[in-house]
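If you want the building blocks of each chain, they are given just below.
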Amino acid sequence: MWLKMWCISTVVWFVLFPLQIWLLACKPFSDASDPPPEPRIKSSYSFGKTFLGLDKCNACIGTSMCKKFFKDEIRFENWLCPRLKLPSDYLQSYSGNYTDDSESWRQVEISRLMSKHQHDLSDKRICASISKIKSCSIEQVLMKTERFRKWSLAKRLTPDLVQGLPSPILRCPSQRLLDRIVRRYAEVLDAGSVFMDHFTDRDKMRLLYTLSINAHPIVLQIFPGSEGWPFPKYLGACGRLIVSTSTIPLKEFYNSTAEVAADLGYQLLRIIKSMRSNDMNYLFYFTHIEKDTFGVFSDGRLFIKNSSTVGIIDMQEGCVRGPDGSCSVWIVGHSFVRWAEKQAASRHFGTQLGLDGARIRVIWVGKSGMRWGELLVVLSRKIERGICPDLLVIHLGENDLVSLSGIGLLKIMKMDLVRIKER
């Protein structure tokens, strides 16, 4: 007697399987914290180009995660049985599981930047623009546009190239923000440069497409959670699908206890504060808030799940060299800097170090006991006053060696210096 059981999808799609086949071919996750071993039966997912959106590339987000899909290292939560078909393609997001070693799995979210229906309408409008009613090569049509012709010739992403794009982060773009996009764009190898010499036309098309449709993946890349920003981690893309860290919708906490609600409220206030004041001097704002704007990690941390409605203003655009147009030199460090300032004041060259005060201003920032970890905070407070350094001299590190190894300190220094340079 065969026993039959249900495999229930998130869209209430029922698939009836004999128990014997289920045990051999299907081992779904019952809990993300206790993942099962990898099924031994080779996956037979029919990852069609249409479902992933690969048939539209390079009018797509990217291909950095495609191998993971085809190697069965990304699986849809309730479609883990190799003999099951892919989930319906009309959903905008799916729960899934991801592995790097085929043994340990973690939950992820697989999503589209807009619904399949919206994608289809957009593609039809593009084809209609060249009198092709049914279908056309979206990529070929876009490559013939005046905007892309400018992109293909550009060596650097500049404000005029993104003017008119609908994304909120591009309504008032600074060169510093656009350089950050190029340097941190995850769908190409990082060349460590703000110039697009390492971008092929294919790469430029994908970046332009993403910024035009929905800049959410770009925000996740340029403001990663690993650096303290309140966004989920961007893992990669395949066609028109992106993969990011898993989330719990905030609405599931509507009936939570008063303690949980108070904690989430407090975290929300901290996020709003960080959007106004941060050491990178970017001002974040919401154009509007939707029910899926916020999410919660499994450890209870609140974050901005959907950044598509987030706008960015570069507050550093308001920085000036000085009221008289002079350049500024900042000398920052621990007590050595403070003592050096006193010594300079007693000498004939003074604290200006003999430099022409009408052209160069020397600013001393010395703090007793200062450690490297305080550097960005100190600089940020000074920059908030509206003056930015043209030259920065740093004397720090000795006080950190009591708690950090030389190699560990060097790694932190390199990371912070990159952040300072990007500003």
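Model, not experiment: these values are computed from the prediction.

## Focus on a nonpolar patch on the surface
At step 1: On the surface, a cluster of nonpolar side chains totalling about 230 Å² of accessible area is made up of F349, L353 and L355.
At step 2: By the element assignment, L355 lies in the loop between α12 (335–345) and β14 (360–366).

## Description of the packing of aromatic side chains
At step 1: Overall, the coordinates contain 13 aromatic pairs when judged by the stated rule.
At step 2: Between the aromatic rings of F223 and F284, the centroid separation amounts to 5.0 Å while the plane-to-plane angle is 75 degrees, which identifies the pairing as edge-to-face. Here F284 lies in strand β9 (residues 282–286) and F223 lies in the loop between α10 (216–222) and β6 (234–238), a separation of 61 residues in the sequence. There is no split in this pair, since F223 and F284 are both buried.
At step 3: A residue is classified by how much of its surface remains accessible, and F284, at 7% relative accessible area, is buried.
At step 4: By the ring-pair criterion, three or more aromatic residues cluster together here, those being F223, W229, F231, Y282 and F284.
At step 5: Across from the ring centre of F51, 5.3 Å away, lies the NZ or CZ of R112, which sits over that ring.

## What about the nonpolar core?
At step 1: Core analysis: the biggest nonpolar cluster contains 47 residues, and W151, L157, F223 and F284 have the highest contact counts within it.
At step 2: In terms of nonpolar packing, the next biggest core, distinct from the first, is built from 19 residues, L52, C60, L91 and L241 among them.

## Structural notes on the pattern of salt bridges
At step 1: Enumeration over the complete set of coordinates arrives at 17 salt bridges.
At step 2: Between R149 and E146 there is a salt bridge, with its nearest N and O atoms 3.0 Å apart. One end of the pair, R149, and the other, E146, are both in helix α6 (residues 146–153), three residues apart, so they sit about a helical turn from each other.
At step 3: Look at R149 and you get partly exposed, because its relative accessible area is 41%.
At step 4: Under the relative-accessibility criterion, E146 is labelled partly exposed at 45%.
At step 5: Residues joined in a network through salt bridges with shared partners are K68, K71, E73, D100 and R106.

## As for the environment of I248
At step 1: By the secondary structure assignment, I248 is in strand β8 (residues 248–249).
At step 2: Its relative accessible area of 27% is what places I248 among the partly exposed residues.
At step 3: In this structure the C-alpha to C-alpha distance between I248 and K305, which are 57 residues apart in sequence, comes to 9.3 Å.
At step 4: Residue contacts for I248: discarding those within four places in its chain leaves F253, G295, V296, F297 and S298.

## Considering the packing of α6 against helix α9 (residues 201–213)
At step 1: Interhelical geometry of α6 versus α9 gives an angle of 130 degrees and a closest axis separation of 10 Å. Judged by the angle between their axes, α6 and α9 are oblique. Here the hand of the crossing between α6 and α9 comes out right-handed. Contacts between α6 and α9 pair R147, F148, W151, S152 and L153 from the former with D201, K204, M205, L207, L208 and L211 from the latter.
At step 2: In the contact of α6 with α9, the residues fall into seven nonpolar, one polar and three charged.

## Points about unusual backbone geometry
At step 1: Omega for the bond connecting C57 with N58 falls within 30 degrees of zero, at 20 degrees, which places this linkage in the cis form.
At step 2: In this structure, N58 sits in the loop between α2 (49–52) and α3 (66–70).
At step 3: In this structure, D72 is a non-glycine residue whose phi angle is positive, near 65 degrees.
At step 4: As for its position among the elements, D72 is in the loop between α3 and β3 (74–76).

## A few points about the sheet that holds strand β15 (residues 391–395)
At step 1: The parallel open sheet is built from three strands, whose spatial order is β14-β13-β15. Whereas interior strands pair on both sides, the edge strands pair on one side only; in this sheet they are β14 and β15. The sheet shows a mean angle of 15 degrees between the axes of neighbouring strands, taken without regard to direction.
At step 2: Bridging between strand β13 (residues 327–333) and β15 involves five bridges; their strand directions are parallel. From the neighbouring strand, I331 faces β15, where its bridge partner is V393.
At step 3: Packed on one face of the sheet, α12 meets β13, β14 and β15 and runs near 135 degrees to β14.
At step 4: Contacts between helix α13 (residues 375–383) and the sheet are confined to β13, β14 and β15, with β13 contributing the most and set at about 150 degrees to the helix.

## Some thoughts on the sheet that holds strand β10 (residues 294–296)
Either a parallel or an antiparallel arrangement is found when strands of a sheet pair, and the pairing is made through backbone hydrogen bonds.
At step 1: Pairing is antiparallel across the open sheet formed by three strands, whose spatial order is β8-β10-β11. Each edge of the sheet is formed by a strand with only one pairing partner; in this case those strands are β8 and β11 (302–304).
At step 2: Examined bridge by bridge, β8 and β10 share two bridges and lie antiparallel to one another. Counted as the bridge partner of I248 is V296 from β10.
At step 3: Contacts between helix α11 (residues 258–276) and the sheet are confined to β10 and β11, with β11 contributing the most and set at about 40 degrees to the helix.

What counts, and at which threshold
- Residues numbered from 1 in each chain as written.
- Predicted model: local features only at pLDDT ≥ 70, side-chain atom pairs only at ≥ 80, totals over all residues.
- Heavy atoms only, no water.
- Patch = residues over 30% accessible without salt bridge, like charges linked within 9 Å, V, L, I, M, F, W, Y side chains within 5 Å.
- Areas by Shrake-Rupley, 256 points an atom, 1.4 Å probe, with all protein chains shown as cover.
- Salt bridge = Lys/Arg side-chain N within 4 Å of Asp/Glu carboxyl O.
- Helix = DSSP H or I, 4+ residues; strand = E, 2+ residues; numbered from the N terminus.
- Phe/Tyr/Trp six-rings, centres within 6.5 Å; stacked < 30°, edge-to-face > 60°.
- Buried < 20%, exposed > 50% of the residue type's maximum accessible area, 1.4 Å probe, protein only.
- Lys NZ or Arg CZ within 6 Å of the ring centre and 35° of its normal.
- Core = buried A, V, L, I, M, F, W, Y, C linked by side-chain atoms within 4.5 Å.
- Contact = heavy atoms within 4.5 Å.
- Axes fitted to C-alpha atoms, helices over the stretch in contact; angles between N-to-C directions.
- Parallel < 35°, antiparallel > 145°, perpendicular 65-115°, else oblique.
- Left-handed = near helix turned anticlockwise from the far one by under 90°.
- Nonpolar A, V, L, I, M, F, W, Y, C, P; charged D, E, K, R; others polar.
- Pairing = 2+ DSSP bridges.

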